[in-house]
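# A closer look at the structure
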Amino acid sequence: MPLTSKHLLGLEGVSQEDIELILDTATTFREVLDRPIKKVPTLQGKTIVNLFFESSTRTRISFELAERRLSADVVNFSTVGSSVSKGETLKDTARNIEAMKIDMVVVRHSSPGAAQFLSRILDSNIINAGDGTHEHPTQALLDMYTIREKFGKIQGLRVCIIGDISHSRVALSNIYGLQTMGAEVSVCGPKTLIPKDIEKLGVKVFYSVDDAIKESDILNVLRIQLERQDRSFFPSTREYHNYFGITKERLERTNKAVTIMHPGPINRDVEISADVADGEHSVILQQVLNGVAVRMAVLYLLGTAKAE
């Protein structure tokens, strides 16, 4: 059964059925990653371009591994030394690349709406790998997969997203996806990093980390997005850690086992202490592994649907 859209631009408006289809398909590919030969011929003959206008390590490598595990031909685009540095527009860059007969585009861009823009001007499948402060759908999908893997369900669980909500694309995708799957979603952070109208999305807001921990089953801890901030939203990273950092001492005070997640990269001893990031309740490395399986599922579902 194919997805209802030929693109994955975000999770806003994506149905529970489509999310479940992606997660169920990822389970199949997760098994592939445990094989001695971690490769299947599913997308053999397909050409996928990773069009990254923003620096990335984990997301780009995760997508590239997923593409190669599916036997696709992979082209990695970098703005360094490209025509973009000479003034070429996103539209012309994308159209020139598509003219080389590619099938799918994975795009990461600093501007919100870049993926939607490409979906209107290209015939290829478009997958949003993060656009500005808008959405990062595959990150939220791998987060949900990891939650379902650990708890056996998503519905009814209490998930708190902690940190820089205003500048995060991960937060928005998680809010949309988790609510669609029946989770209770809250956010926590300094008032300066919480959008004023976020409660309209149906989330609860905490300004105390201790209160958030008490009422949560899962903490999804976000990095402070200093590179996306045009001014200081808190006095110092040290003070942020003192008031909002997730530490072993804070978790022990609540006397409950809370699952710890983080999309990375981690600023150790800023938003999360090292002993928590590496602790027994952390599933951060599982998120990384599951990200390859989830991206394989998305690529497979979109790539094979186009061929039908």
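For the structure given in this document, a descriptive report is provided here.

### Considering the pairing of strand 8 (residues 218-221)
Taking every second residue as pointing to the same face, both faces of strand 8 are buried, with Ile-218 and Asn-220 on one and Leu-219 and Val-221 on the other. Two strands pair when backbone bridges link them, and strand 8 and strand 9 (residues 259-261) are joined in this way by three bridges, in the parallel orientation. Residue Asn-220 lies in a different strand from strand 9, and its bridge partner there is Met-261.

### So, unusual backbone geometry
The step from Gly-264 to Pro-265 runs through a cis peptide bond, and the omega angle for that step is -10°. Its place among the elements puts Pro-265 in the loop between strand 9 and helix 10 (274-277). Even without a glycine there, the phi angle at Ser-71 is positive, about 70°. Residue Ser-71 is classed as buried on the basis of its relative accessible area, which comes to 15%. At Asp-269, a position not held by glycine, the phi torsion is positive, near 65°. Residue placement: Asp-269 occurs in the loop between strand 9 and helix 10.

Cut-offs applied
- Residue positions within a chain follow its written sequence, with the count starting from 1.
- The model is predicted, so local features are restricted to residues of pLDDT at least 70 and side-chain atom pairs to those at 80 or more, both for listing and for counting; the totals for chains, interfaces and linings are taken over all residues.
- To get the side-chain values, take all heavy atoms of the structure and skip hydrogens and water.
- Only protein chains enter the accessibility calculation, which uses a 1.4 Å probe; a residue whose area is less than 20% of its type maximum is buried, one above 50% is exposed, and one in between is partly exposed.
- A run of DSSP states H or I qualifies as a helix once it reaches four residues; a run of E qualifies as a strand once it reaches two. Both are numbered from the N-terminal end.
- At least two DSSP bridges between two strands are needed for those strands to be called paired.

Honestly, that's just the spatial picture; any functional story needs more than this.
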